[in-house]
Amino acid sequence: MRKYVLGFVFNPELTDVLLILKNRPVEQHNRLNGIGGKLEPTDSSIHHAMSREFSEETTAIIRPDSWKHFVTMVNNNDKGRWKEKWEVECFASVLSAE
């Protein structure tokens with residue numbers, strides 16, 4: 001099963017969210033999405049993976065303990081449109097004024 005993290009970062013007023021414009025995979029081309037990626041064997045936790053992926057994608061650093069896990073999405077069906085099983089750990093964080 002492939003495992004991913006996906007994060008949404010809000011401004012302090014919770015009126016704006018940071019999204020990226022996707023280029024791949026093809027079915028997500030030109031669509032907006034949160035920021036994330038695959039879990040790596042070196043990740044000590046899903047919070048660490050979220051922090052690492054966010055930093056890789058944006059060059060900004062949000063500490064692992066600043067990410068709030070709010071849902072796990074799971075696809076256990078290996079038939080149809082999604083040909084493999086996957087799991088996505090979803091997070092939210094608020095940019096601090098620091």
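A.B. asks: Could you clarify how one ought to interpret helix α1 (residues 46-58) in this entry?
C.D. replies: Residue pairs spaced three or four apart in an α-helix point in one direction, given the helix's 3.6 residues per turn. Helix length check: α1 (13 residues) gives 18 Å between terminal C-alpha atoms against 18 Å at 1.5 Å per residue, within 8%. Burial in α1 covers these residues: Ala49, Met50, Ser51, Arg52, Glu53 and Phe54. Tucked inside the fold, the buried residues of α1 contact β1 (2-10), β2 (17-18), β5 (35-38) and β7 (86-94). Measuring from the backbone nitrogen of histidine 47 back to the side-chain oxygen at the start of α1 gives 3.4 Å, which picks out serine 45 as the cap. Within two residues after α1, threonine 59 carries a phi angle of roughly 70°, on the positive side.

A.B. asks: Is there a simple way to explain the environment of leucine 21 in this structure?
C.D. replies: With respect to the helices, strands and loops of the structure, leucine 21 is situated in strand β3 (residues 20-21). The spatial distance from the C-alpha of leucine 21 to the C-alpha of isoleucine 35 is 9.7 Å, given a sequence separation of 14 residues. Once residues lying within four places of it in the same chain are set aside, the contact partners of leucine 21 are Asn30, Arg31 and Leu32.

A.B. asks: Where do I start with unusual backbone geometry in this structure?
C.D. replies: One non-glycine residue, leucine 14, adopts positive backbone phi at about 60°. On the secondary structure map, leucine 14 appears in the loop between β1 and β2. Leucine 14 sits in the exposed class, given a relative accessible area of 55%. Not every positive phi belongs to a glycine, and threonine 59 is a case in point at roughly 70°. Of note, threonine 59 is situated in the loop between α1 and β6 (68-75).

A.B. asks: How should the nonpolar core be read in this particular structure?
C.D. replies: A general trend in soluble globular proteins is that nonpolar side chains are found buried together. Counting 9 residues, the largest nonpolar core consists of Val5, Val9, Ile35, Ala49, Met50, Phe54, Ile62, Trp67 and Phe91. Of all elements in the fold, only β1 and α1 reach the threshold of two or more residues within this core. Setting aside anything within four residues of it in sequence, one finds phenylalanine 54 in contact with Val9, Leu18, Ile35, Thr59, Ala60, Ile62 and Trp67.

A.B. asks: Even after reading the chapter, I still don't get the packing of aromatic side chains, so can you show me in this structure?
C.D. replies: Here the distance between the centres and the angle between the planes together describe a pair of aromatic rings. Summed over all chains, the structure comprises 2 aromatic pairs. Centroid distance phenylalanine 54 to tryptophan 67: 5.5 Å. Interplanar angle 65°. Geometry classified as edge-to-face. Residue phenylalanine 54 is located in helix α1, and its partner tryptophan 67 is located in the loop between α1 and β6; the two are separated by 13 residues in the primary sequence. Neither residue differs from the other here; phenylalanine 54 and tryptophan 67 are each classed as buried. Consider the rings of tryptophan 67 and phenylalanine 91, whose centres lie 6.5 Å apart with planes at 80°: the pair is edge-to-face.

Rules and cut-offs
- Residues numbered from 1 in each chain as written.
- Predicted model: local features only at pLDDT ≥ 70, side-chain atom pairs only at ≥ 80, totals over all residues.
- Heavy atoms only, no water.
- Helix = DSSP H or I, 4+ residues; strand = E, 2+ residues; numbered from the N terminus.
- Expected span 1.5 Å × (residues − 1).
- Buried < 20%, exposed > 50% of the residue type's maximum accessible area, 1.4 Å probe, protein only.
- Contact = heavy atoms within 4.5 Å.
- Polar contact = N/O pair within 3.5 Å; in protein donor to acceptor, adjacent residues only side chain to side chain.
- Core = buried A, V, L, I, M, F, W, Y, C linked by side-chain atoms within 4.5 Å.
- Phe/Tyr/Trp six-rings, centres within 6.5 Å; stacked < 30°, edge-to-face > 60°.

These results come straight from atomic positions and should not be treated as a statement about function.
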